[in-house]
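# Descriptive analysis of the structure
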Amino acid sequence: MVPKAVMLRGNGFQSGTQHRFALGLALVALLMLTAMLAPALATERIVSDPDQRLALYGYDPVAYQADGEPRVGGEEHELIYQRLVWRFANQGNHDAFAEDPERYIPAYGGHDPYAITRGSALVGHPETYVEIGGRIFLFHSRANLIAFLMEADFHLIEAEQYRPDACRTLAP
């Protein structure tokens, strides 16, 4: 009879069968985690709803500066720009964006600048943001926003440095 393979693990011994089972569980957990995080990983240059091609998930990009807070736009004030549908809270915001869209599009297309410094382009949430120097920065989580603000100047430099790597995964 051939003995089972025995491997030293932590405080005791574990059979090869137990080890394979543990590895299998770890793999299943990793796959589940990947499936949960997949929606957060960005593929578009500007944060948008992939089904409706709705930029910033329907939030008005002008409202951050005009109203000082995020606002959801309405279907009655829509504009197509860069193959995406942009919505606005009112006609004035629509017209301001039409005149100078680049002024109002959030930095990094709405991707989380703190995540960019870590090498990934995570989707920023339209209600988790900060305005710095007239630019709006969206963040994937409140934790990322807080971490970013602790050394904002440093992270802005880092984000510019790591942006090309993070953006390679995004559609043209």
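## A word on a negative patch on the surface
The grouping of Asp-95, Glu-99, Asp-100 and Glu-102 at the surface amounts to a negative patch. Mapping Asp-95 onto the fold places it in helix 3 (residues 91-99). Residue Asp-95 is classed as partly exposed on the basis of its relative accessible area of 41%.

## Concerning unusual backbone geometry
With a phi close to 50°, Leu-56 is a non-glycine residue in the positive phi region. Inspection of the secondary structure assignment puts Leu-56 in the loop between strand 4 (54-55) and helix 2 (63-66). In this structure, Tyr-57 is a non-glycine residue whose phi angle is positive, near 55°. Tracing the backbone shows Tyr-57 in the loop between strand 4 and helix 2.

## So, helix 6 (residues 142-150)
For helix 6, every residue scored as buried is listed here: Asn-144, Leu-145, Ala-147 and Phe-148. Mapping the buried residues of helix 6 onto a view down its axis gives an arc of 165°, with all of them on the same face. Summarising the geometry of helix 6, the exposed residues directed more than 90 degrees from the buried face are Arg-142, Ala-143 and Met-150.

Thresholds, definitions, all that
- Residues numbered from 1 in each chain as written.
- Predicted model: local features only at pLDDT ≥ 70, side-chain atom pairs only at ≥ 80, totals over all residues.
- Heavy atoms only, no water.
- Patch = residues over 30% accessible without salt bridge, like charges linked within 9 Å, V, L, I, M, F, W, Y side chains within 5 Å.
- Areas by Shrake-Rupley, 256 points an atom, 1.4 Å probe, with all protein chains shown as cover.
- Salt bridge = Lys/Arg side-chain N within 4 Å of Asp/Glu carboxyl O.
- Lys, Arg positive; Asp, Glu negative; His and termini not counted.
- Charge placed at Lys NZ, Arg CZ, Asp CG, Glu CD.
- Helix = DSSP H or I, 4+ residues; strand = E, 2+ residues; numbered from the N terminus.
- Buried < 20%, exposed > 50% of the residue type's maximum accessible area, 1.4 Å probe, protein only.
- Arc of directions from axis to C-beta.

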